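# Residue-level structure breakdown
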Amino acid sequence: NFGKETISGILERLSMAEIDIVECGFLTEKIKTENYALYGDADKVNSYIPNPNPNTLYVAMIAIGEKEIDPEKLCDASQSVIGGIRLTFHMSELKKAIEWGNTIMKKGYKLFFQPVGSADYEDESILELIKKANHLKPFAFYIVDTLGAMSEKDILHMLYLIDKNLDESIALGFHSHNNLQMSFSNAQSMINFGFERDIIIDCSVYGMGRGAGNTCTELMVDYLLGNADNNYDVLPILEIVDNYLMPFYLQHPW
């Protein structure tokens, strides 16, 4: 319940910062008012982003098990500023996730295939997931450290296992929480792993997120500016902190 002006302001400044992928909120049946980042269809996001950055991929999330929208009901990607959908699921929901993933891609969206709590999966379960992902061929497959419990040793083990078995055309993403204060450090380990494939690091401004929060966008952008060739601009991100997030943080710290 940020308020529409705040939602639009955050999305606009993330675009100005040249962030590669920007998540705009949830696709869900839990619709309330336009002041919530909850959308009944992908084209509902259009009014929040009047001037989309052509260099930015805008995405939204469908979380299976959270009053999610059946993707059969979604408009085609050509009708929306949304170009990708992040699909989260538990292992028990894998069959449904594969069916829905196919539907999402048929409608023209890039699919982010994100198993919840994948950091807790045994190697055999990860390999089974990879087989399914290789057949599905999503845009990206994810490591999701839902409880922020991974050490550097854990992340390197999983990176090696996945990179050796995941189709090289599929990007590998990392979504982590900061319970052990390892989120930013583990993201750096992934960046420096030496992949031939594309990688995606999830982060949020000022680390805002459930529980202990997530990797901080402003820290990740600063790190990449010092260690990679890119065109990010950290100033619009700091404006988000000052103009929009601090009032929330002072009332509801993460």
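Summary of the structure given here. Along each chain, numbering runs from 1 in the same order as the chain's sequence is written. Where local features are concerned, this predicted model is filtered to residues with pLDDT of at least 70; where side-chain atom pairs are given and counted, the filter is 80 or more; whole-chain, interface and lining totals use all residues. With hydrogens and water set aside, each side-chain value is computed from the structure's full complement of heavy atoms.

## Things to note about the pairing of strand E5 (residues 110–115)
Each residue is placed in one exposure class: buried if its accessible area under a 1.4 Å probe, protein chains only, is under 20% of its type's maximum, exposed if it is over 50%, and partly exposed if it falls in between. Under the DSSP-based scheme used, a helix requires at least four consecutive residues in state H or I and a strand at least two consecutive residues in state E, with every element numbered from the N terminus. For E5, the tally of buried residues reaches five of six residues, placing the bulk of the element in the interior. Any two strands are treated as partners once DSSP identifies two or more bridges connecting them. By the bridge criterion, six bridges tie strand E4 (residues 82–89) to E5 in an arrangement that is parallel. Note that in E5 the partner of Leu87 across the bridge is Phe113. For a crossover, the right-handed case is the one in which the path from the first strand over the helix to the second runs clockwise, viewed with the strands pointing away from the viewer. On the question of chirality, the crossover connecting E4 to the parallel E5 by way of helix H2 (residues 94–106) is right-handed.

## Considering the side chain of Ser80
In this fold, Ser80 is placed in the loop between strand E3 (57–63) and E4. Whether two residues are in contact is decided by their heavy atoms, any of which lying within 4.5 Å being enough. If we ignore the near neighbours within four places in the chain, the residues touching Ser80 are Ala42, Asp43, Asn46, Cys75 and Tyr109.

## Observations regarding the pattern of salt bridges
Pairs may arise between side chains of opposite charge once their charged atoms sit close together. Each salt bridge in this description consists of a side-chain nitrogen of Lys or Arg and a carboxyl oxygen of Asp or Glu lying within 4 Å of one another. In total, this model carries nine salt bridges according to the counting rule given. Residue Arg197 is joined to Asp163 by a salt bridge in which the shortest nitrogen-to-oxygen separation is 2.9 Å. Highlighted residues: Arg197 in the loop between helix H5 (183–191) and strand E8 (199–201) and Asp163 in helix H4 (residues 152–165), separated in sequence by 34 residues. Residue Arg197 is classed as buried on the basis of its relative accessible area of 8%. For Asp163, a relative accessible area of 22% corresponds to the partly exposed category.

## Concerning the sheet that holds E3
Taken together, eight strands build an open sheet; the order of strands is E2-E1-E3-E4-E5-E6-E7-E8 and the sheet is parallel. In this open sheet, the two strands that pair with only one neighbour each are strand E2 (38–39) and E8. Here two bridges tie strand E1 (residues 21–27) to E2, and the two strands are oriented parallel to one another. Counted as the bridge partner of Leu27 is Tyr39 from E2. The axes are straight lines fitted to the C-alpha atoms, using for helices just the contacting stretch, and the angles between their N-to-C directions are given from 0 to 180°. In the packing of helix H1 (residues 4–16) onto the sheet, the strands contacted are E1, E2 and E3, and the crossing angle to E1 comes to about 155°. Of the strands in this sheet, E4, E5 and strand E6 (140–145) are in contact with helix H3 (residues 123–136), which crosses E5 at around 170°.

## Topic: the pairing of strand E7 (residues 171–176)
For E7, the buried fraction is high: six of the six residues fall into the buried class. In this sheet, E7 lies alongside E6 in parallel orientation, the contact comprising six bridges. Paired with Tyr142 across the strands is Gly173, a residue of E7. In this fold, E6 hands off to H4, which returns the chain to E7; that crossover is right-handed. Of the pairings in the sheet, the one linking E7 to E8 comprises three bridges and is parallel in character. Within E8, the position partnered with Gly173 by the bridge is Ile200. In this view, the connection linking E7 to its parallel neighbour E8 by way of H5 has right-handed handedness.

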